[in-house]
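Structural features, examined
Take a look at the letters that make up each chain.
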Amino acid sequence: MPALRPFIRSALTLAVALLAAQAAQAQSLKELYEAARAYDAAYLAARALAQSADHRVAAVEALARPSAALGAGASTTRIDPQHFDGGESNSINATLSARYPIINRANDVSIAQARRSLESARAELDTAEQDLVVRVAQAYFDVLASQDTLATVQANKAAITEQLASAKRNFEVGTATITDTREAQAKFDKAVADEIGAENDLRSKRIALDQLVGRTGVAPKPLVLPVTLPPVMPVDVESWVGTADGVHPGIRRARVGLDVARLETEKARAAEKYTLDAVGSVGASRASGSSLSTLPGVTRTASIGVQFNLPLYTGGQTQSRIQETLLLEEKARQDLDAARRNIAQATRVAFFGVQSGQAQVKALEAAESSAKLALEATQLGYRVGVRVNLDVLNAQTQLFQNQRDLARARYDVLVGSLRLRQASGQLQPGDIDAVNALLAR
């Protein structure tokens, strides 16, 4: 029986050649991220919300600026003619009034709250952007992993097909039993089922990526071979955890929440304090008619002054509000502590996940080399009669499974590295460039 090694090598070479041809017109991770950034509804909604925060702050800041209002009215009055001054009078009036808050602690606190909330909106946008980076990278490498799985399944099927043909020929000439043929047929049938499943999985992964970036027929660029995965830097997990406390969007939001809660307590206490406003108005009215009590003509008025207001008794409403805000402040403080703990835990899990993934890649690389040697030895043993057909089939299946698992592990490490930076709050769109550099040009 001819050795299968050249056949397997040619099958894999064909698969790699097809992927290379596809990569010539494929898109890089960075290209697809930019496409998703202009298309993904979740990210665009977060960006619109963050932009609206600027206008919300501007609206609240108006509390510290002067305000003016124009009022006008017209009326007709009829008086019972039985009285001595009976008749009808008409009047038209217009008033322009203005107010400028001189002292209003509640308004000052509301403005401070709005400005702090602006930081929360920016943190929300950072969270959405980091999430988009990870989602695009995950969908991108899911497609590559499915392509690799399909390529290895097809190469395995091709090798089994040759092995099945060889077993049938040997049975016909009487050098092998029917068992070899049936074992090869069973492996072939399983390979056909695996190929159908791999094709469907690849189709599903491509649909998901297309939907994410708003394009059709997206073809990701594969990794450059040989693959060299970047190390995790820094190598100390506590360095990642320490950095997260200062930059993570979740912690920033929780910290803003605590600041806003404290300011809410100040606002509640400000309800007990006085306010002082500068007020002014100018007006004119014109009267006419037959009533003796109405002086016809135009009357003009103008006034300017200050208005002082001090709450004396609110029925306990202010004190109850202060107690409520103090408890809400404590809740915000506990939310901040919980955010810090959860983010620290997630960062540690992500860090050790990447480390474990890198170790798994090295182990699978060694397993791939061992599986190749084992297949060669099994093929030699089959030719000299010390191994049976099933041994060859199992050895080649093991090789293809190792190659599939190795490719998947590499992709998991790359996505895991991005997830680690996301978990620690350090992920930036520029981090895609490091992963993009590992792809085929």
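Residues numbered from 1 in each chain as written. Predicted model: local features only at pLDDT ≥ 70, side-chain atom pairs only at ≥ 80, totals over all residues. Heavy atoms only, no water.

All right, on to the overall build of the chain then. Scanning the chain from terminus to terminus reveals 10 helices and four strands. For the chain, the C-alpha radius of gyration of 38 Å lies well beyond 22 Å, the compact-globule estimate for 441 residues. Classification of the 441 residues of the chain by burial places 38% in the buried group. Contacts in the chain between residues far apart in sequence, at least 24 positions, make up 84% of those at least 6 positions apart. Summing over all exposed atoms, the chain offers an accessible surface of approximately 23800 Å²; the carbon and sulfur share of this is 57%. (Helix = DSSP H or I, 4+ residues; strand = E, 2+ residues; numbered from the N terminus. Rg over C-alpha atoms; globule rule 2.2 N^0.38 Å. Buried < 20%, exposed > 50% of the residue type's maximum accessible area, 1.4 Å probe, protein only. Contact = heavy atoms within 4.5 Å. Areas by Shrake-Rupley, 256 points an atom, 1.4 Å probe, with all protein chains shown as cover.)

In this section: the side chain of asparagine 104. If you trace the backbone, asparagine 104 turns up in the loop between β2 (87-103) and α4 (105-173). Residue classification places asparagine 104 among the buried residues on the basis of a relative accessible area of 16%. There is a polar contact of 3.3 Å between the side chain of asparagine 104 and the backbone nitrogen of alanine 106. (Polar contact = N/O pair within 3.5 Å; in protein donor to acceptor, adjacent residues only side chain to side chain.)

Looking now at helix α6 (residues 237-247). Within the sequence span of α6, burial applies to Val237, Trp240, Val241 and Ala244. Taken around the axis of α6, the buried residues stretch over an arc of 100°, which confines them to a single face. (Arc of directions from axis to C-beta.)

With that settled, the discussion passes to a nonpolar patch on the surface. On the surface, Tyr100, Ile102, Ile103, Tyr274, Val306, Phe308, Leu310, Leu312 and Tyr313 cluster together into a nonpolar patch covering about 1000 Å² of accessible area. By residue number, the principal contributor to the nonpolar patch is β2, which donates three residues. (Patch = residues over 30% accessible without salt bridge, like charges linked within 9 Å, V, L, I, M, F, W, Y side chains within 5 Å. Salt bridge = Lys/Arg side-chain N within 4 Å of Asp/Glu carboxyl O.)

Another point: the pattern of salt bridges. On inspection of all chains with the given rule, the structure shows 33 salt bridges. A salt bridge links aspartate 201 to lysine 205, with the nearest nitrogen and oxygen atoms 2.8 Å apart. Of this pair, aspartate 201 and lysine 205 both sit in helix α5 (residues 178-213), four residues apart, which is roughly one turn of the helix. The exposure class of aspartate 201 is partly exposed, given its relative accessible area of 31%. A residue is classified by how much of its surface remains accessible, and lysine 205, at 23% relative accessible area, is partly exposed. A salt bridge links aspartate 405 to arginine 404; the shortest N-O distance between them is 3.2 Å.

As a further point, take the packing of helix α2 (residues 29-37) against α5. At a minimum axis separation of 7 Å, α2 and α5 run at an interaxial angle of 55°. Comparing their axes, α5 and α2 come out oblique. Side by side, α2 and α5 meet where Leu32, Ala35 and Ala36 of the first sit next to Leu209, Leu212 and Val213 of the second. Considered class by class, the residues forming the contact of α2 with α5 number six nonpolar, no polar and no charged. (Axes fitted to C-alpha atoms, helices over the stretch in contact; angles between N-to-C directions. Parallel < 35°, antiparallel > 145°, perpendicular 65-115°, else oblique. Nonpolar A, V, L, I, M, F, W, Y, C, P; charged D, E, K, R; others polar.)

It is worth spelling out the nonpolar core at this point. Grouped together as the largest cluster of nonpolar side chains are 55 residues, with contacts concentrated most on Leu29, Val136, Phe141 and Leu223. Secondary structure elements with two or more residues in this core: α2, α3 (41-61), α4, α5, α6, α8 (317-384), α9 (389-423) and α10 (432-436). Counting residues per element, this core draws most heavily on α4, which supplies 15 residues. Valine 136 has contacts with Leu29, Leu32, Tyr33, Ala36 and Leu212, leaving out every residue within four places of it along the chain. (Core = buried A, V, L, I, M, F, W, Y, C linked by side-chain atoms within 4.5 Å.)

A few words now on unusual backbone geometry. That bond from leucine 225 to proline 226 is cis: its omega, -5°, falls within 30 degrees of zero. Mapped onto the secondary structure, proline 226 falls in the loop between α5 and α6. Here the bond from methionine 233 into proline 234 is cis, since omega is 0°, no more than 30 degrees from zero. If you trace the backbone, proline 234 turns up in the loop between α5 and α6.

Before going further, it helps to examine the packing of aromatic side chains. Each aromatic ring pair is specified by the distance between its two centres and by the angle formed by the two planes. Tallied over the entire structure, the rule returns four aromatic pairs. Between tyrosine 140 and phenylalanine 141, the ring centres sit 5.3 Å apart and the planes meet at 75°, which makes this aromatic pair edge-to-face. Each of the two residues, tyrosine 140 as well as phenylalanine 141, counts as buried. Among the aromatic residues, those joined into a cluster by ring pairs are Tyr140, Phe141 and Tyr411. (Phe/Tyr/Trp six-rings, centres within 6.5 Å; stacked < 30°, edge-to-face > 60°.)

Confidence along the chain averages 88 in pLDDT terms, with 91% of residues attaining 70 or more. Within the model, pLDDT remains below 50 along residues 1-5, and this stretch shows 16 contacts once partners closer than five positions in the same chain are excluded. (pLDDT = per-residue confidence, 0-100.)

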